[in-house]
Amino acid sequence: YNFEGSGFAVLLDTLAYNTHYLGFNANMVANEMYLDSADIRKNVVSLAKMLGYTPSSAKSPTAVVDITLNNATGSTVTMDKGTSFSANIDNTEYNFVTNEDIAMSPQDGVYKFQNVTLYEGTLVNFKYTVDSTDVDQRFMIPNLNADTSTLKVTIQNSATDTSTSTYTLATGLRSINNTSKVYFLQETDTGKFEVYFGDGVIGEKLTDGNIIILQYIVTNREEANGASSFSLSGSIDGFTDVTITTNSSAQGGSDAETKESIRFNAPLQYTSQDRAVTTTDYETLVKSIYPNATSISAWGGEDDETPIYGVVKIAVKGQSGVPLTNSTKLDIVTKLKSYNVASVRPEIVDPIITSVILVINA
């Protein structure tokens, strides 16, 4: 047995390699158990879920436009949800749609839709029928590039009863009871998002035969950022002669939240507990609301050269480097209202960016 090619030497080598691999595997498994060291995305997402944090999905670029109908008639005109518009960037055409029905009455004979938000992408409908006997049934959003901020969840009673109820995303448990029509959202191990519902104690429980209708926008993410010229595809309530004025170019399109961002934001949001008290709370919440931001700085108005009390100022630098449009600022401030404490008022300001040129002598 005491020579290089003996069976005993081969057996010792095999056992040594096996011990090494088992030790390496145990080390990697241990790393995946903690948010700070996990590397596999599904594990990072699962650990963040334990802190009550849901990663943001891909985001659709949004633009704000005014639409004037030149040949319209009637007392009211309605622009249906999903009305299509097109924009061209670098010889590539992108589709933009509306995400709600908008009704308008003429003013002084002028038919004008003001401050209409257009979302880049395609409006998609997907349906499930609830079946409690299927223990593996899950209500998945089947598109990786779905923008969950545009998601609308509607429950139809049954195939024969077409009456519907609209469910809203649950953002906390304080006001939810057993009759609350809410849904919950989570990212799955495939990177797609899953919708699930209450159990009859926290949120209303669905019954067999209910039809779940998921309506959302599938986007090309950041590719359409910067689109500024739009044309109508099709018609608005039968009218096709329109003039479109762009109030703010498309911006805000982004990929789904990265692992590094989840790792950074999840503990901060857990600390903030769904309320904005400190400046760090505002920075964390704005990052969740506007994932296209690369840098956020918040400070109290009392720290300005001319103190302004009761105001939190927030400077946001987007990936494009250009200042945020007024509509984007207003959208962020509106979404922050539910987190504000007392009479504190958030205000989005343009950051002052200093470019540093380094001259290095080696």
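Residues numbered from 1 in each chain as written. Predicted model: local features only at pLDDT ≥ 70, side-chain atom pairs only at ≥ 80, totals over all residues. Heavy atoms only, no water.

1. Points about the sheet that holds strand S18 (residues 345-349)
Strands sit in the order S16-S17-S18 across an open sheet of three strands; the sheet is mixed. Edge positions in the sheet fall to strand S16 (293-300) and S18, since each of these pairs with one other strand and no more. Taking each pair of neighbouring strands and ignoring which way they run, the sheet shows an average axis angle of 25 degrees. Against the sheet, helix H4 (residues 279-289) contacts S16, strand S17 (311-318) and S18, and its axis sits at roughly 150 degrees relative to S16. (Pairing = 2+ DSSP bridges. Helix = DSSP H or I, 4+ residues; strand = E, 2+ residues; numbered from the N terminus. Axes fitted to C-alpha atoms, helices over the stretch in contact; angles between N-to-C directions. Contact = heavy atoms within 4.5 Å.)

2. Re the nonpolar core
Counting residues in hydrophobic clusters, the biggest one holds 26 residues, and the most contacted among them are Ile67, Leu69, Phe96 and Ile236. For this core, the secondary-structure elements that each account for two or more residues are strand S1 (62-69), strand S2 (77-79), strand S3 (84-89), strand S4 (92-97), strand S6 (111-120) and strand S15 (242-251). Those residues within four positions of leucine 69 in sequence are excluded, and the remaining contacts are Val77, Tyr111, Phe113, Ile236, Phe239, Asp241 and Val242. In this structure, Val130, Phe139, Ala146 and Ile155 belong to the second largest nonpolar core, which totals 20 residues. (Core = buried A, V, L, I, M, F, W, Y, C linked by side-chain atoms within 4.5 Å. Buried < 20%, exposed > 50% of the residue type's maximum accessible area, 1.4 Å probe, protein only.)

3. Observations concerning the packing of aromatic side chains
A complete count under the given rule lists seven aromatic pairs for this structure. Between the aromatic rings of phenylalanine 184 and tyrosine 196, the centroid separation amounts to 5.4 Å while the plane-to-plane angle is 20 degrees, which identifies the pairing as stacked. Taken together, the positions of phenylalanine 184 in strand S11 (residues 182-187) and tyrosine 196 in strand S12 (residues 193-197) put the pair 12 residues apart, joining distant regions of the chain. Looking at phenylalanine 184, the relative accessible area reads 16%, which means it is buried. (Phe/Tyr/Trp six-rings, centres within 6.5 Å; stacked < 30°, edge-to-face > 60°.)

Purely geometric numbers; function is a separate question.
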